[in-house]
Amino acid sequence: MSDEQYSKISLDIDPDVDGCQHGAMIIPWSRDQSSWGSIRLPVSVIKNGDGPTVLFTGANHGDEYEGPVALTKLRSALDYIDVRGCVIIIPALNLPAFRAGKRTSPIDGGNMNRAFPGNPNGTITEMIADFVTTRFISRADYVVDIHAGGRSMNLLPTSIIHDLPDTDQMDRTLAAMHAFGAPYGMVLTELDANGMIDTVVEDMGKVFVSTELGGAASSTVETIKIAERGVMNILKHAGIIDGAPDIPAPSRTLHTPHAESFVTCKTEGLFEICKELGDTVVAGEVIARVHYLEEPERDPTPLIAECDGLIVCRHMPGLVTRGDCVAVIAEPWPAPK
Ligand code: CA
């Protein structure tokens, strides 16, 4: 069976046709309020002749906003006459989560970035992941998935890749990461790579760039500017539109080589941040403390850096619980000799 036949999702535009098309993935969603209802998840395809294909996705996690803002603007601004190849834009990959202002889907609890490659007979989140994998990632040369920290984290504006075993793919991916033009670049070691869109795209031998552009459940003038410039830079880098990428300064490239890069909380209480985003720390320094407001006799628990580096990510809510990642400490990549 073809992909079109086996998925319950349909697409109301034809991605093989030249022009600027704004349509939707139509996802059946039968529920109390709408027995034969559906979700219409916006997809734009801007295509002109042969050439490379770029897939841009935002709101893979629903409470991350630079992607939706930059991609909603891009789909309006891009004239297909200026395009050579194809640009596929999905401003909110997990639309139900985006509409709820949540990281995960309120329909099935699905974390989109743990649902790939998806399942055509699974939950709504899994069906979306499957459709995106088979219909869009399969035809893309580049995939750029724009993330931020959501409500629970804030990060330095960073374009992110992984350390890939294939040197040619790694070179192409590094070049795209630098072309995005974020202030920081990161060769990230994931805590939990299984189910990520990243892994699916990389396993197909394609170029994948993610970002972490800020967080705290909103966006800023600076992070939106970085996202907008970044998507245009990728189109220029891919040769889909004319011009050279606008890179104000080379990305400062970092990595997170060991478990100690991720500082985890082991108690729960009131969070005191002691080192901010962008601060440099050395092993042994106190990054944060946990206070016990309802236990006056109990001393606060310090959270200590176990390696030297730059604070690239911090916990945001004022309360913290056991198992929360409170900070990420990154080091220069490649490591100085
Ligand atoms: Ca995210």
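Residues numbered from 1 in each chain as written. Predicted model: local features only at pLDDT ≥ 70, side-chain atom pairs only at ≥ 80, totals over all residues. Heavy atoms only, no water.

Draft legend 1. Main features of the packing of aromatic side chains. Throughout the structure, instances matching the rule amount to two aromatic pairs. Between the aromatic rings of Tyr65 and Phe98, the centroid separation amounts to 6.3 Å while the plane-to-plane angle is 55°, which identifies the pairing as tilted. Taken together, the residues span a long stretch of sequence, with Tyr65 in the loop between β4 (53-58) and α2 (66-77) and Phe98 in helix α3 (residues 95-100) at a distance of 33 residues. What makes Phe98 partly exposed here is its relative accessible area of 29%. With 5.9 Å between their ring centres and 75° between their planes, Phe131 and Phe136 make a pair best called edge-to-face. Neither residue differs from the other here; Phe131 and Phe136 are each classed as buried. Of note, Arg31 hangs over the ring of Trp29, and the distance from its end group to the ring centre comes to 3.9 Å. For Arg298, the ring lying beneath its charged end belongs to Tyr292, and the centroid distance is 3.5 Å. (Phe/Tyr/Trp six-rings, centres within 6.5 Å; stacked < 30°, edge-to-face > 60°. Helix = DSSP H or I, 4+ residues; strand = E, 2+ residues; numbered from the N terminus. Buried < 20%, exposed > 50% of the residue type's maximum accessible area, 1.4 Å probe, protein only. Lys NZ or Arg CZ within 6 Å of the ring centre and 35° of its normal.)

Draft legend 2. Quick look at the pattern of salt bridges. Applying the stated criterion to the full structure yields 14 salt bridges. A salt bridge links Glu64 to Arg103; the shortest N-O distance between them is 3.6 Å. Highlighted residues: Glu64 in the loop between β4 and α2 and Arg103 in the loop between α3 and α4 (124-136), separated in sequence by 39 residues. Notably, a salt bridge pairs Arg314 with Glu276, separated by 2.7 Å at the nearest N-O pair. Within this pair, whereas Arg314 is found in strand β17 (residues 309-315), its partner Glu276 is found in the loop between β13 (269-273) and β14 (280-281), the two being separated by 38 residues in sequence. Classification of Glu276 by relative accessible area gives partly exposed; the value is 34%. (Salt bridge = Lys/Arg side-chain N within 4 Å of Asp/Glu carboxyl O.)

Draft legend 3. Spotlight on α2. Taking 1.5 Å of rise per residue, 12 residues should cover 16 Å, and α2 covers 16 Å from first to last C-alpha, within 8% of that figure. Among the residues of α2, those classed as buried are Glu66, Gly67, Pro68, Ala70, Leu71 and Leu74. (Expected span 1.5 Å × (residues − 1).)

Draft legend 4. Here's a closer look at the coordination of the calcium ion. Taken together, His61 (ND1), Glu64 (OE), Glu64 (OE) and His147 (ND1) make up the protein donors of the calcium ion, found 2.3 to 2.7 Å from the metal. Sequence spacing of the donor residues for the calcium ion, all on one chain, is H-x2-E-x82-H. (Donors = N, O, S within 2.8 Å, 3.2 Å for Na, K, Ca; no water.)

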